[in-house]
Amino acid sequence: NVYNPRLSWDGSVVLFTDQSAQGGSDYSVYVRKTDGRPAVRIGGGEFGADITKDGKWALLLRADDPEKKIQIVPVGPGETRALHWDGFQPGWGCWFPDGERILFWANEGSQGPGTYITDRSGATPRLVTKEGGRWPTVSPDGRSMIVMHEGKPALLTFGESTPKAIPGVSAD
């Protein structure tokens, strides 16, 4: 079973999590060029959450991770980086189009769940919203995100507090 396939913006690389027996008991995360080359394993025990616009970096997370970290993993050469903040339990994340900033959902101690922004260097997370949404998604222009508001997907522009309905999108 393939979970959450994510395509780079140029369509050249797909990131996916293999939840089949071949992926092992802890699953495996792979990238594959869309030109038919074999898949390359880049992680195990996590889920592939997102890939940068240029297809060079992946975000890997595991909701029950005892180390409570977000991993930035290279698709090719490079070093893996783990981001961690005391009190935060990240559950999912995605890249901004610039490939530098990360939007992520987390439980944060006494504050409860929320959506936060950090960067690839691990800057102190900044709360964006407490609006619902365990799987944050940034718009292609990087100026807004989709949240669940009053049971339906809505568009929240960064810096504003009230989400706007998305015409033609229902709760389903």
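Residues numbered from 1 in each chain as written. Predicted model: local features only at pLDDT ≥ 70, side-chain atom pairs only at ≥ 80, totals over all residues. Heavy atoms only, no water.

Visitor: Hey, could you go over the overall build of the protein for me, with residue numbers and the actual values?
Guide: Counting secondary structure elements, the protein contains zero helices and 16 strands. Dimensions along the principal axes, computed over C-alpha positions, put the protein at roughly 45 × 40 × 30 Å. Looking at the protein as a whole, 42% of its 172 residues qualify as buried. In the protein, of all internal contacts separated by at least 6 residues, the share reaching a separation of at least 24 is 30%. A total of about 9200 Å² of accessible surface is found on the protein, and carbon and sulfur atoms cover 50% of it. One finds the centroid of the 19 positive side-chain charges in the protein at a distance of 3 Å from the centroid of its 21 negative side-chain charges. (Helix = DSSP H or I, 4+ residues; strand = E, 2+ residues; numbered from the N terminus. Buried < 20%, exposed > 50% of the residue type's maximum accessible area, 1.4 Å probe, protein only. Contact = heavy atoms within 4.5 Å. Areas by Shrake-Rupley, 256 points an atom, 1.4 Å probe, with all protein chains shown as cover. Lys, Arg positive; Asp, Glu negative; His and termini not counted. Charge placed at Lys NZ, Arg CZ, Asp CG, Glu CD.)

Visitor: So, the pairing of strand S15 (residues 152-157): which residues are in play, and what are the values?
Guide: Pairing geometry for strand S14 (residues 144-149) and S15, over six bridges, is antiparallel. Along S15, the bridge assignment pairs serine 144 with threonine 157. Between S14 and S15, which pair antiparallel and follow one another directly, the connecting turn spans two residues, one of which, glutamate 150, has a positive phi of 55°. By the bridge criterion, two bridges tie S15 to strand S16 (residues 164-165) in an arrangement that is antiparallel. Looking across to S16, one finds that alanine 154 is bridged to alanine 165. Two successive antiparallel strands, S15 and S16, enclose a turn made up of six residues, where glycine 159 displays a positive phi of approximately 95°. (Pairing = 2+ DSSP bridges.)

Visitor: Tell me what's going on with the environment of leucine 127, and back it up with residues and numbers.
Guide: Take leucine 127: it is sitting in strand S12 (residues 126-129). A C-alpha to C-alpha distance of 27 Å links leucine 127 and lysine 56, two positions 71 residues apart in sequence. When neighbours within four sequence positions are excluded, leucine 127 is seen to be in contact with Gly114, Thr115 and Tyr116.

Visitor: Let's hear about the packing of aromatic side chains: which residues, and what values?
Guide: According to the stated counting rule, one finds 10 aromatic pairs in the structure shown. For the ring pair tryptophan 85 and phenylalanine 104, a centre distance of 5.2 Å and an interplane angle of 10° mean the geometry is stacked. Pair noted here: tryptophan 85 is in the loop between strand S8 (81-84) and strand S9 (88-95) and phenylalanine 104 is in strand S10 (residues 101-108), with a separation of 19 residues, a long-range link. A single burial state applies to tryptophan 85 and to phenylalanine 104, both of which are buried. Between phenylalanine 96 and phenylalanine 158 the ring centres are 5.4 Å apart and the planes differ by 40°, which places this aromatic pair in the tilted class. Of this pair, phenylalanine 96 sits in the loop between S9 and S10 while phenylalanine 158 sits in the loop between S15 and S16, and the two are 62 residues apart along the sequence. When the ring centre of phenylalanine 96 is taken as reference, the NZ or CZ atom of arginine 101 above it lies at 4.0 Å. Lying over the aromatic face of tryptophan 57, arginine 120 brings its terminal NZ or CZ to 5.1 Å of the ring centre. (Phe/Tyr/Trp six-rings, centres within 6.5 Å; stacked < 30°, edge-to-face > 60°. Lys NZ or Arg CZ within 6 Å of the ring centre and 35° of its normal.)

Visitor: I'd like to hear about the pattern of salt bridges, residue by residue, with values.
Guide: Scanning the entire structure with this criterion turns up six salt bridges. Here aspartate 50 ties to arginine 6 by a salt bridge, and the two come within 3.4 Å at their closest N and O atoms. Of the two residues, aspartate 50 sits in strand S5 (residues 47-51) while arginine 6 sits in strand S1 (residues 2-7), which places them 44 residues apart along the sequence. By relative accessible area, which is 7% here, aspartate 50 ends up buried. Among the salt bridges present, the one from aspartate 98 reaches arginine 101, with a minimum N-O distance of 2.9 Å. (Salt bridge = Lys/Arg side-chain N within 4 Å of Asp/Glu carboxyl O.)

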